[in-house]
Amino acid sequence: MNGGKQSQLTGERAETKVRDVLLDAQIFCSKYEHDRGEDLLVELEGYTELANAGSEPRIGLLQIKGHDAETASTTGAGIAKRQLDLNHLRRWAAIPFPVFVVAVELLGNEPLFFARSVDRIIGDVAPEGLEVLEQRKITISLPRADDLPSFLKNEIAGFYSLHAFQLAGLSENLIARNHYEVISSTTSIVPPQAKVWLKNIRVLWKGPWRPTHFWATLNHIADQLQEKDGGRCTPLLATIHVYRSLKDNRDNNAIAHVSWLEDDHAITASLKELMNWPKAAHWTRFRFHGASALEELPESFVMEESDDSFIFKAEKIWVELDSIFLEVMNSLTKDLRLPVEKLTRLEMSLHEIDNGAIQQLGRPSPQLIMVDRMINQYTFVLTGVFTWIKGKPDTPEVSRKRWLTQDLEMAQGLYRAYYPIVKLLLDR
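Residues numbered from 1 in each chain as written. Predicted model: local features only at pLDDT ≥ 70, side-chain atom pairs only at ≥ 80, totals over all residues. Heavy atoms only, no water.

(A) Spatial organisation of the sheet that holds strand β3 (residues 59-68). Here we have five strands laid out as an open sheet, ordered β1-β2-β3-β5-β6, and mixed in their pairing. Among the strands making up the open sheet, the edge pair consists of β1 (28-31) and β6 (110-117). Going across the sheet, the axis of each strand differs from the next one's by a mean of 30 degrees, ignoring polarity. Two elements, β1 and strand β2 (residues 40-43), share four bridges in a ladder whose sense is antiparallel. Within the sheet, the bridge partner assigned to cysteine 29 lies in β2 and is valine 42. Together, β5 (99-107) and β6 form the strand contacts of helix α3 (residues 118-125), whose direction differs from that of β6 by roughly 70 degrees. (Pairing = 2+ DSSP bridges. Helix = DSSP H or I, 4+ residues; strand = E, 2+ residues; numbered from the N terminus. Axes fitted to C-alpha atoms, helices over the stretch in contact; angles between N-to-C directions. Contact = heavy atoms within 4.5 Å.)

(B) Looking closely at the nonpolar core. Within the largest apolar cluster, 38 residues are counted, with the highest numbers of intra-cluster contacts made by Trp318, Val328, Val371, Ile375, Tyr378, Phe386 and Ile389. For this core, the elements supplying multiple residues, two or more each, are α8 (307-331), α9 (340-357), α10 (369-390), α11 (397-414) and α12 (418-426). Residues within four places of tyrosine 378 in sequence aside, it is in contact with Trp318, Leu321, Asp322, Phe325, Ala411, Leu414 and Tyr415. With 25 residues, the next largest nonpolar core counts Leu86, Leu130, Leu133 and Ile138 among its residues. (Core = buried A, V, L, I, M, F, W, Y, C linked by side-chain atoms within 4.5 Å. Buried < 20%, exposed > 50% of the residue type's maximum accessible area, 1.4 Å probe, protein only.)

(C) Local environment of the side chain of glutamate 105. When you line up the elements, glutamate 105 lands in strand β5. Within polar-contact distance, the side chain of glutamate 105 engages the side chain of arginine 82 at 3.2 Å. (Polar contact = N/O pair within 3.5 Å; in protein donor to acceptor, adjacent residues only side chain to side chain.)

(D) Just the pairing of strand β8 (residues 180-187), in detail. Within β8, six of the eight residues are buried, which leaves it mostly tucked inside the rest of the structure. Looking at chain direction, β8 and strand β9 (residues 197-205) are connected through seven bridges and run antiparallel. Note on β9: the bridge partner recorded for glutamate 181 is leucine 204.

(E) Spatial organisation of α8. In this model, α8 (25 residues) spans 36 Å end to end at C-alpha, consistent with the 36 Å of a helix rising 1.5 Å per residue. Buried residues of α8: Phe310, Ile311, Ala314, Ile317, Trp318, Leu321, Asp322, Ile324, Phe325, Val328 and Ser331, and no others. The inward-facing, buried residues of α8 contact α9, α10, α11 and α12. (Expected span 1.5 Å × (residues − 1).)

(F) Quick peek at the confidence of the model for the chain. Overall, the predicted model of the chain reaches an average pLDDT of 80, with 80% of residues at or above 70. Long-range and interchain partners of residues 248-252, a stretch whose pLDDT sits below 50, account for nine contacts in this model, where long-range means more than four residues apart. (pLDDT = per-residue confidence, 0-100.)

(G) Representation of α9 within the structure. With 18 residues, α9 extends 25 Å between its outermost C-alpha atoms, agreeing within 8% with the 26 Å of an ideal straight helix rising 1.5 Å per residue. Those residues of α9 not exposed but buried are Leu343, Leu346, Glu347, Leu350, Ile353 and Asp354. Buried residues along α9 cover an arc of 115 degrees about the axis, so they all sit on one side. Turned more than 90 degrees off the buried face of α9, the exposed positions are Val340, Glu341 and Glu352. On its buried face, α9 is in contact with β8, α8 and α10. (Arc of directions from axis to C-beta.)

(H) Region of interest: the packing of α10 against α11. Across the interface, α10 lies against α11 with an axial gap of 9 Å and an inter-helix angle of 150 degrees. On the basis of their axis angle, the class for α10 and α11 is roughly antiparallel. Where α10 crosses over α11, the handedness of that crossing is left-handed. In this structure, α10 uses Met374, Gln377, Tyr378, Val381, Leu382, Gly384, Val385, Trp388 and Ile389 to contact α11, whose residues at the interface are Arg400, Trp403, Leu404, Asp407, Leu408, Met410, Ala411 and Leu414. Looking at the contact of α10 with α11 residue by residue, the class counts come to 13 nonpolar, two polar and two charged. (Parallel < 35°, antiparallel > 145°, perpendicular 65-115°, else oblique. Left-handed = near helix turned anticlockwise from the far one by under 90°. Nonpolar A, V, L, I, M, F, W, Y, C, P; charged D, E, K, R; others polar.)

(I) Molecular detail of the packing of aromatic side chains. Tallied over the full model, the rule gives nine aromatic pairs. With 6.1 Å between their ring centres and 75 degrees between their planes, phenylalanine 100 and phenylalanine 151 make a pair best called edge-to-face. Residue phenylalanine 100 is found in strand β5, and its partner phenylalanine 151 is found in helix α4 (residues 148-159); the two are separated by 51 residues along the sequence. Look at phenylalanine 100 and you get buried, because its relative accessible area is 1%. When the ring of tyrosine 243 is compared with that of phenylalanine 380, the centres are 4.8 Å apart and the planes differ by 40 degrees; the resulting orientation is tilted. Of this pair, tyrosine 243 sits in strand β10 (residues 236-243) while phenylalanine 380 sits in helix α10, and the two are 137 residues apart along the sequence. The pair formed by tyrosine 243 and phenylalanine 380 is uniform in burial state, with each residue classed as buried. Ring-pair connections join several aromatic residues into one group, and the members of that group are Trp318, Tyr378, Tyr418 and Tyr419. The positively charged end of arginine 232 is found above the aromatic ring belonging to tryptophan 197, 4.0 Å away from the centroid. (Phe/Tyr/Trp six-rings, centres within 6.5 Å; stacked < 30°, edge-to-face > 60°. Lys NZ or Arg CZ within 6 Å of the ring centre and 35° of its normal.)

(J) Summary view of the pairing of β5. For β5, a buried count of eight out of nine residues is recorded, marking the element as mostly surrounded by other parts of the structure. Of the pairings in the sheet, the one linking β3 to β5 comprises eight bridges and is parallel in character. Paired with aspartate 68 across the two strands is leucine 106, which belongs to β5. Bridge count between β5 and β6: eight bridges; the pairing is antiparallel. Its bridge partner lying in β6, alanine 103 is registered against phenylalanine 114. If you look at the hairpin formed by β5 and β6, you'll find two residues sitting between the two strands, and glycine 108 has a positive phi there, around 65 degrees.

Okay, here's the thing in structure tokens:
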């Protein structure tokens, strides 16, 4: 009990020392309200008037590790070692802000600081990606930071700099193989008098598990939308769901739910006011975890599909998905593979459904929204099935088979489930 209290007291003292030195340097910091291991949120311009704020992003998260040093000699080292839960590191790596681990060595009332960004920590311990690590705990090394405020200012500014990692110069094939793949892209039925037209995009993020790569992915998707779909009479509002994998130990397996509104359309500025879009310069393109329903915009609406029409379309889609799944199950070899020609044909059929019939479904009535969501889940799971049938060069065979089996089990639960689901929903 005493050891636990002492550890908690040390942690609180270490956090206080960090806050004090940052506040003295006029760096705003506050307790992180969604604390799941992240202790403080810092803003470089938190005390600056909005009109005088710089154009660079300014937000970072700190995880603080306090330790009582027994003698002065133990605090003189240039490196501090700490142990982290690997799942925590995975979560921090997926956060679209810079995250830092800060160790505080306390000798009496005097602190020494050691710090490193999660991005650089991952480069040290897992240059090929965190997915190659299977242990629960990992030991990291943190260099000494004699001037912690300057260190954080430079690192945060560098993270958001204009020279951050970009995908613009890469080929589409290289991006699809190594960075991200669009799983589905659907367009809601929106009448001409609506204020925006809507797209729903689901993306499987394959790139290195680094915040800079995640940010580059979002920017590239927005650039592509701007180029291919922008410039209509009404601006485009896209909702982007970014997934890492259905196998990740994450809340809902989702990395982010992001909204993007066409940048340079004539009425975008007024719409952003109506939707309370973030005003800081670095958030002008995206809004994270925000509601993006068209119904929330004044004088706007989405055309709702009649139940009969929606059921007719949904049933045809589900039958085709069942047919794909059944053929997969009947054709799997003992080593859980498919003949190349059959795999190519079935995967192409799935893409045609995803990019064709599903886009024509329209918006269901409230009582049938569950059917729409389960169709999306069915296509997503089948995409995973094909991914793991093919496998990846860096994935061990035992892992490939385990993940494929899990996807097949999920697909089995959706197989022939259409009629019971619709009956249940309509009989309520």
